[in-house]
Amino acid sequence: MHHQPLSPHDSGPPTHKQPLTSPGTPHPSTPPPTLTDTDTKPRDRTREYGDLRVPFTYRVPAGDEAEAEGWPASLANFPLGQWTADARRFYARGDMGADRARQLEKLGMVWSHFDVAWEEGLTAARGWAAEHGHLLAPLDATFQGAKVGIWLKNARAAARKAVENEQRRAEGLPVESSAGALTEARRGQLEEIDASWCPAWPVTWQRCFHLTRLHLDAGGSLPTAAGDVVRQGEDLGQWVRSVRLGWDQLTGAQQWMCEHVLGIEPAGEDEKPKPRTSQADKWAMHLTAARQFYEREGHLRVPRKHVETIIVGAADGEDQEQRHVQLKLGAWVSNQRSRAVALSPERVEQLSRVGMRWS
């Protein structure tokens, strides 16, 4: 008994002739497929490629190529990509029977192109994580040509948007749009790979934390200097040093993780580099030296090589130790005289008050 042609939205044998493709799409040159043929095409694609993500222009090969790939001769030149796209359209508008939808889903059908892109990105992310042991990929990370780093960056942005939307709802504020926000289901898929994939702080920081923990778990000692230990391109010694010196800039959670998981302690005051002196502070110190010289000598005709020593950290500074600072006052005065036109009126006046001769 011969069956009538079956379009992707049918769930059983048709009772009247129906088109294979959507309106306006020409039929293939070969006779329309029967019910059995239509079932065979996606199944053959799944066997060959493992999925039903078929390019729109894809046709079943013919001749020797078809034989080599295991395609039945009766399917030669069948427009499977076109047929699959029609199936998605029928499904989207609710015209596909539930049985037919389940059959295609078992064969790996993904109904949305956005879902296809997500599944492809998720597959690449799983592969990258399997190789590296985490999902904290740098921006330029790839897996078999897929740009995993960029994909994860976009996924984190979508996750943060979802969190922001939830916070606005909880506060009774309007949410402009949920478009682009990561769903709970998709966030769960990524957390199954690596629960720390979307930290509240920079990904680079979390990656170094993870790699340092792996290094310690393997029996290594905590690296404390740049170049001590490098893993996956990250200098863990340099990272540990930056954590210790920048302890006050970390969140409470980061401090707890570093102290209780890695055994890192904040740097002592004697280990911290001296703060850089600002240009305003340098001016103030040299002006103090010039005033000190003027009050002692009665003029500001300072020899070019003269060095003036001043005391920094006066008695009224509660937490400052007094220290002696030597300044090359002669060279500084000469430089200010030569660049007088670039000085502000306020600074010109300050120097004039301590005996500066501008010519």
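Residues numbered from 1 in each chain as written. Predicted model: local features only at pLDDT ≥ 70, side-chain atom pairs only at ≥ 80, totals over all residues. Heavy atoms only, no water.

### Points about the overall build of the protein
Turning to step 1, where the next piece is worked out: Helix and strand counts for the protein come out as 13 helices and four strands.
Turning to step 2, where the next piece is worked out: Residues classed as buried in the protein amount to 38% of the 359 residues present.
Turning to step 3, where the next piece is worked out: Put simply, 48% of the contacts in the protein that link residues at least 6 apart link residues at least 24 apart.
Turning to step 4, where the next piece is worked out: Entry remark: accessible area of the protein is about 21,600 Å², with carbon and sulfur atoms responsible for 50%. (Helix = DSSP H or I, 4+ residues; strand = E, 2+ residues; numbered from the N terminus. Buried < 20%, exposed > 50% of the residue type's maximum accessible area, 1.4 Å probe, protein only. Contact = heavy atoms within 4.5 Å. Areas by Shrake-Rupley, 256 points an atom, 1.4 Å probe, with all protein chains shown as cover.)

### Notes on unusual backbone geometry
Turning to step 1, where the next piece is worked out: Backbone geometry places Asn77, a non-glycine residue, at a positive phi of 70 degrees.
Turning to step 2, where the next piece is worked out: On the secondary structure map, Asn77 appears in the loop between α2 (63–69) and α3 (80–92).
Turning to step 3, where the next piece is worked out: Residue Asn77 is classed as partly exposed on the basis of its relative accessible area of 37%.
Turning to step 4, where the next piece is worked out: With a phi close to 50 degrees, Gln232 is a non-glycine residue in the positive phi region.
Turning to step 5, where the next piece is worked out: In this fold, Gln232 is placed in the loop between β1 (230–231) and β2 (234–235).

### Structural notes on helix α11 (residues 279–297)
Turning to step 1, where the next piece is worked out: Taking 1.5 Å of rise per residue, the 19 residues of α11 would be expected to cover 27 Å, and the 27 Å separating its terminal C-alpha atoms lies within 8% of that figure.
Turning to step 2, where the next piece is worked out: Looking only at α11, the buried set comprises Trp283, Met285, His286, Leu287, Ala289, Ala290 and Phe293.
Turning to step 3, where the next piece is worked out: In the core, the buried residues of α11 are packed alongside β3 (308–312), β4 (323–327), α12 (329–338) and α13 (345–353).
Turning to step 4, where the next piece is worked out: Gly298 lies just past α11 and shows a positive phi near 85 degrees. (Expected span 1.5 Å × (residues − 1).)

### Regarding the packing of helix α8 (residues 203–217) against helix α10 (residues 252–262)
Turning to step 1, where the next piece is worked out: Taken N-terminus to C-terminus, the directions of α8 and α10 make an angle of 10 degrees; their axes are 11 Å apart at the nearest point. By the angle class used here, α8 and α10 are roughly parallel. Packed against α8, whose contacting residues are Trp205, Gln206, Phe209, Thr212, Arg213 and Leu216, the element α10 presents Gln254, Met257, Cys258, Val261 and Leu262 at the interface.
Turning to step 2, where the next piece is worked out: Within the contact of α8 with α10, the residues separate by chemical class into seven nonpolar, three polar and one charged. (Axes fitted to C-alpha atoms, helices over the stretch in contact; angles between N-to-C directions. Parallel < 35°, antiparallel > 145°, perpendicular 65-115°, else oblique. Nonpolar A, V, L, I, M, F, W, Y, C, P; charged D, E, K, R; others polar.)

### Comments concerning the pattern of salt bridges
Turning to step 1, where the next piece is worked out: For the structure shown, the criterion picks out nine salt bridges.
Turning to step 2, where the next piece is worked out: For Arg296, the salt bridge goes to Glu308, with nearest N and O atoms at 2.7 Å. One end of the pair, Arg296, is in helix α11; the other, Glu308, is in strand β3, and twelve residues separate them in sequence.
Turning to step 3, where the next piece is worked out: What you see here is one network of salt bridges that share partners, running through Arg296, Glu297 and Glu308. (Salt bridge = Lys/Arg side-chain N within 4 Å of Asp/Glu carboxyl O.)

### Regarding the environment of Asp235
Turning to step 1, where the next piece is worked out: By secondary structure assignment, the location of Asp235 is in strand β2.
Turning to step 2, where the next piece is worked out: For the pair Asp235 and Ala225, spaced ten residues apart in the sequence, the C-alpha separation amounts to 9.1 Å.
Turning to step 3, where the next piece is worked out: Filtering out sequence-adjacent residues up to four positions away, Asp235 remains in contact with Ala225, Ala226, Gly227, Asp228, Val229 and Val230.
Turning to step 4, where the next piece is worked out: In this structure the side chain of Asp235 is engaged in a polar contact, spanning 3.2 Å, whose partner is the backbone nitrogen of Gly237. (Polar contact = N/O pair within 3.5 Å; in protein donor to acceptor, adjacent residues only side chain to side chain.)

### A closer look at the packing of aromatic side chains
Turning to step 1, where the next piece is worked out: The full count for this structure, using the stated rule, is seven aromatic pairs.
Turning to step 2, where the next piece is worked out: Members of the aromatic cluster, joined through ring pairs, are Trp201, Trp205, Phe209 and Trp239.
Turning to step 3, where the next piece is worked out: Taking NZ or CZ as reference, Arg347 lies 4.3 Å from the ring centre of Trp283, over its face. (Phe/Tyr/Trp six-rings, centres within 6.5 Å; stacked < 30°, edge-to-face > 60°. Lys NZ or Arg CZ within 6 Å of the ring centre and 35° of its normal.)

### Regarding α10
Turning to step 1, where the next piece is worked out: Those residues of α10 lying buried are Gln254, Met257, Cys258 and Leu262. Considered in projection along α10, the buried side chains sweep an arc of 95 degrees and stay on one side of the axis. Exposed side chains of α10 directed beyond 90 degrees from the buried face belong to Gly252 and His260.
Turning to step 2, where the next piece is worked out: Buried residues along α10 sit against α8 and α9 (236–245).
Turning to step 3, where the next piece is worked out: Gly263 sits one or two positions beyond α10 and adopts a positive phi of about 75 degrees. (Arc of directions from axis to C-beta.)

### Quick notes on the packing of α8 against α9
Turning to step 1, where the next piece is worked out: Relative orientation of the contacting elements α8 and α9 amounts to 115 degrees, with a least axis distance of 10 Å. The angle between α8 and α9 falls in the class roughly perpendicular. Classified by chirality, the crossing of α9 by α8 is left-handed. Contacts between α8 and α9 involve Trp205, Cys208, Phe209, Leu211, Thr212 and His215 from the former and Leu236, Trp239 and Val243 from the latter.
Turning to step 2, where the next piece is worked out: Among the residues forming the contact of α8 with α9, the class breakdown is seven nonpolar, two polar and no charged. (Left-handed = near helix turned anticlockwise from the far one by under 90°.)

### Describing the pairing of β3
Turning to step 1, where the next piece is worked out: In β3, alternate side chains face the same way, and those of Glu308, Ile310 and Val312 are buried while those of Thr309 and Ile311 on the opposite face are not.
Turning to step 2, where the next piece is worked out: The sheet contact formed by β3 and β4 spans five bridges and is antiparallel. Bridge pairing in β4 places Thr309 opposite Gln326. (Pairing = 2+ DSSP bridges.)

### A short note on the nonpolar core
Turning to step 1, where the next piece is worked out: Counting 20 residues, the largest nonpolar core has Leu135, Val148, Trp151, Leu152, Leu182, Leu190 and Trp197 as the members making the most contacts within it.
Turning to step 2, where the next piece is worked out: Where this core is concerned, the elements lending two or more residues are α5 (113–132) and α6 (148–170).
Turning to step 3, where the next piece is worked out: Among the nonpolar cores identified, the runner-up in size contains 19 residues, and Leu300, Val325, Trp332 and Met356 belong to it. (Core = buried A, V, L, I, M, F, W, Y, C linked by side-chain atoms within 4.5 Å.)

By themselves, these are just geometric observations and shouldn't be taken as functional.
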